[in-house]
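Observations on the three-dimensional arrangement
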Amino acid sequence: MAVSKEELLKRLSDGVLEMEEDDVVEAAKEYLEAGYPAFDGIMEGLVDGMNRASELYEAEEYFVTDVLLCSDAMYVGLDVLRPHLPEVSSDAKVKGVIGVVEGDTHDIGKNLVKIMMETAGFEMIDLGRDVELQKFVDVAKEEKVDLVCMSTLMTTTMGGMETVIHLLEEAGIRDQVKVMIGGGPISQKFADKIGADAYTTNAVEAVKCAKKMLNIA
Amino acid sequence: MFRGDEMTSNERMDAFYSGKPYDHSPIMLFIVSNAGRYAGMTHREKRSCAKNQAEAQLKAYERLGQDGLVVEYGLLGIGKACGSITNDPEDSAPAIIKHRLDDISQVSELDLSMVERKNDAWSQLNYEAASICVEKVGKEVGVFATIPGPMTAAGSLIPVEKLLRAMRKQPEEAHRLLRFCTDAAKIVIKEITASGCGPFLSDPIASETLISADTYRKFVAPYTKELMDYAKSIGLGMGYHVCGEANRILCDMVDTGCGTISFDTQVDVETAKKLVGSRVPILGNIDVIDTLLHGTVAQVEAEVKNQLRKGYDSEKGFIISVSCDIPISTPLENIDMIMEAGRKYGKYPLNPENFR
């Protein structure tokens, strides 16, 4: 007798929440074998688990390590299910470019934001860390992104964020993107000063804010 | 003796720690990354040789007369000694671009002898810098060297994300790495303090911003306690700082046996006073970003008063201080004002009327 779709979705979700990569892979394979649609498996299984994890993170019951491990489980699940998705035009997804500004190599916060944004359905182009300021602009233009996300933990590199905003203006695309910033020394005051569209304190807030700014449910 | 003061810093601190009268609240500043500013040096120049490391501190002290010089062995010292590679920025603290370990299972490859002064130029440089400072001003003021805490040292050997995952998935190896870092820190403490300086432990990565209090208790506290005990065994007390969120680990931090406790803006001085003020002197936490880097001189003055208001009656004493390492481009007048306001409003005996 085939296992019910609901049961498999629950296993996917639980597997992510409980950071059990093997369980997620097994459930994902069974799910596909049973003929259920990959899209639902991703949204109602894996992403559901990641959302539960981020609620626990907000409630300070899950910490950075937990979120990272949950995301590891989610990504192995995605590796199994994604190839079975129907062809979707890449224009459908909201795109963002994300990176840690030039001179800074601290990237855990940026990685958490990227994970949560991808979980929420954004297509994130991750430039990594110590990213040359011009690169934010070049990729934003090339990929026609809607969002430019910058992170830094250091005071010596904060100024780079303001420079990127100027470069976006010079490139004539400042109006076409929303600029979102975050990191230890960053504040709303600083965001206002440099003309960023948003400042958020953590990854969960970043997703909420991005959705609000871009009018996404 | 600093102009205008009635006691040398050493006399002040002796009196402060033994409950005797002193002239004004001690003021300890983390003049580490920005020390070069006092000697017209970029960060690269400052860290290039012992003479410069020392001169930056001496020039800062000459201008400020603060209670303690800080020689920057720094957060990455153990990582660098063992083979992690850092970049070389002109006017910023170096960062690691290639960690020594790719995987936690490689821990056994690490060689403790690489941390020894005779094998590590950076440790030798800082020993010499501390010696110069002690020789020049040691009679009047304390000289300290920053020592990386076990978790931060581990984060300088393996990427922090991998360390976090290992602590959950391969705890034995993670412990092995922390054991190595603890043993390494002991060597550093022993060798650098032979100069006559004291140790100050800084473990930014042990923050609740990254790990749960439970993880801190299992993976950080025991090793930190070992380091505190070690310092005591060679006749030294050691101050302790963890960045970021630390409210739930504050008591655990003091349980390690630290001599003083220092924390970031996420912990309120009043909270610290209630939780641990009866056990150790507490260092204040003037916000280095919003107040010092971006604020006005007037805002700094107001914040010093605010800090005194919150902490002046802490049972084991209150030391005016800052939330973290002072950013390189902090206006020097703002730091001057901490000293001016601290001396004025923190005049002994501390009177709340002075800082209402």
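Remember, it's a predicted structure, so these values are computed and weren't measured experimentally.

For chain A, the helix and strand inventory stands at nine helices and five strands. Mapped from its N terminus to its C terminus, chain A presents α and β elements in the order α-α-α-α-β-α-β-α-β-α-β-α-β-α. In terms of C-alpha radius of gyration, chain A reaches 18 Å, essentially the compact-globule figure of 17 Å for 217 residues. The C-alpha extent of chain A, read off along each of the three principal axes, is 60 × 35 × 25 Å. Across the 217 residues in chain A, those meeting the buried criterion constitute 51%. Considering only contacts in chain A between residues 6 or more positions apart, those separated by 24 or more positions represent 72%. Carbon and sulfur atoms provide 48% of the accessible area of chain A, an area that totals close to 10,100 Å². Within chain A, one finds 21 positive and 42 negative side-chain charges whose respective centroids are separated by 5 Å.

What follows is about the domain arrangement of chain A. Residues and elements named next belong to chain A. Here chain A is partitioned into domain 1 (5-84) and domain 2 (90-213). Its C-alpha centre places domain 1 at a distance of 26 Å from the equivalent point of domain 2. Listed by partner, the interface residues are twelve residues for domain 1 and ten residues for domain 2. For the pairing of domain 1 and domain 2, the buried interface totals around 1,000 Å² over both sides, and the portion due to carbon and sulfur atoms is 73%. Per-residue buried area on domain 1 facing domain 2 is highest for Tyr-57, Glu-58 and Tyr-75; these three make up 41% of the total on that side. Across the contact surface, domain 1 and domain 2 share one salt bridge. Between Glu-58 and Lys-208 there is a salt bridge, with its nearest N and O atoms 3.1 Å apart. On inspection of domain 1 and its partner domain 2, the count reaches two residue pairs in polar contact (both at pLDDT 80 or more). Counting only elements with at least two residues in the side of domain 1 that touches domain 2, the list comes to α3 (38-58) and α4 (64-81). Each residue belonging to the side of domain 1 that touches domain 2 can be placed in one class, and the counts come to eight nonpolar, three polar and one charged.

Before going further, it helps to spend a moment on the packing of α4(A) against helix α5 (residues 108-119) of chain A. Residues and elements named next belong to chain A. It is at 11 Å that the axes of α4 and α5 come closest, and there the two elements cross at 45°. It follows from the interaxial angle that α4 and α5 lie oblique. In the crossing of α4 with α5, the sense of the turn from one axis to the other is left-handed. From α4, Val-64, Val-67, Leu-68, Ser-71, Met-74 and Tyr-75 reach across to α5, where they touch Ile-108, Leu-112, Lys-114, Ile-115, Met-116, Glu-118 and Thr-119. Tallied by class, residues from the contact of α4 with α5 come to nine nonpolar, two polar and two charged.

Residue and element names in this part refer to chain A. A grouping of Glu-102, Asp-130, Glu-132, Asp-138 and Glu-142 is seen on the molecular surface, where their side chains present a negatively charged patch. By the element assignment, Asp-138 lies in helix α6 (residues 133-142). On the accessibility criterion, Asp-138 (38% relative accessible area) is partly exposed.

With that settled, the discussion passes to the packing of α6(A) against helix α7 (residues 159-170) of chain A. All names here are of chain A. Look at α6 against α7: their axes get within 9 Å of each other, and the N-to-C directions meet at 40°. As judged from the angle between their axes, α6 and α7 are oblique. Here α6 runs over α7; the crossing is right-handed. Facing Leu-133, Gln-134, Phe-136, Val-137 and Ala-140 of α6, the residues of α7 in contact are Gly-160, Thr-163, Val-164, Leu-167 and Leu-168. Split by residue class, the contact of α6 with α7 holds seven nonpolar, three polar and no charged.

Our next topic: α3(A). Residue and element names in this part refer to chain A. Its 21 residues give α3 an end-to-end C-alpha distance of 28 Å, which sits within 8% of 30 Å, the value for a rise of 1.5 Å per residue. Where α3 bends most, at Asp-48, the angle is about 35°. Regarding α3, the residues found buried are Ala-38, Asp-40, Gly-41, Ile-42, Gly-45, Leu-46, Val-47, Gly-49, Met-50, Ala-53, Ser-54 and Tyr-57. Elements in contact with the buried residues of α3: α1 (5-17), α2 (21-33), α4, α5 and α9 (203-213). One or two residues past the end of α3 sits Glu-60, with phi positive at roughly 60°.

Attention shifts here to the pairing of strand β4 (residues 178-182) of chain A. In summary, the side chains of a regular strand alternate between the two faces of the sheet. All names here are of chain A. The buried count for β4 comes to four of five residues, which makes it a mostly enclosed element. Sheet topology note: the strand β3 (residues 147-151)/β4 ladder contains five bridges and is parallel. If you follow Met-150 over to β4, its bridge partner there is Ile-181. In this view, the connection linking β3 to its parallel neighbour β4 by way of α7 has right-handed handedness.

What counts as what
- Residues numbered from 1 in each chain as written.
- Chains lettered and ligands numbered in written order.
- Predicted model: local features only at pLDDT ≥ 70, side-chain atom pairs only at ≥ 80, totals over all residues.
- Heavy atoms only, no water.
- Helix = DSSP H or I, 4+ residues; strand = E, 2+ residues; numbered from the N terminus.
- Rg over C-alpha atoms; globule rule 2.2 N^0.38 Å.
- Buried < 20%, exposed > 50% of the residue type's maximum accessible area, 1.4 Å probe, protein only.
- Contact = heavy atoms within 4.5 Å.
- Areas by Shrake-Rupley, 256 points an atom, 1.4 Å probe, with all protein chains shown as cover.
- Lys, Arg positive; Asp, Glu negative; His and termini not counted.
- Charge placed at Lys NZ, Arg CZ, Asp CG, Glu CD.
- Domains from an automatic or database assignment.
- Buried area = accessible area lost by both parts, 1.4 Å probe.
- Salt bridge = Lys/Arg side-chain N within 4 Å of Asp/Glu carboxyl O.
- Polar contact = N/O pair within 3.5 Å; in protein donor to acceptor, adjacent residues only side chain to side chain.
- Nonpolar A, V, L, I, M, F, W, Y, C, P; charged D, E, K, R; others polar.
- Axes fitted to C-alpha atoms, helices over the stretch in contact; angles between N-to-C directions.
- Parallel < 35°, antiparallel > 145°, perpendicular 65-115°, else oblique.
- Left-handed = near helix turned anticlockwise from the far one by under 90°.
- Patch = residues over 30% accessible without salt bridge, like charges linked within 9 Å, V, L, I, M, F, W, Y side chains within 5 Å.
- Expected span 1.5 Å × (residues − 1).
- Bend = angle between axes of the 7 residues up to and from the residue.
- Pairing = 2+ DSSP bridges.
- Right-handed = clockwise from strand over helix to strand, strands pointing away.

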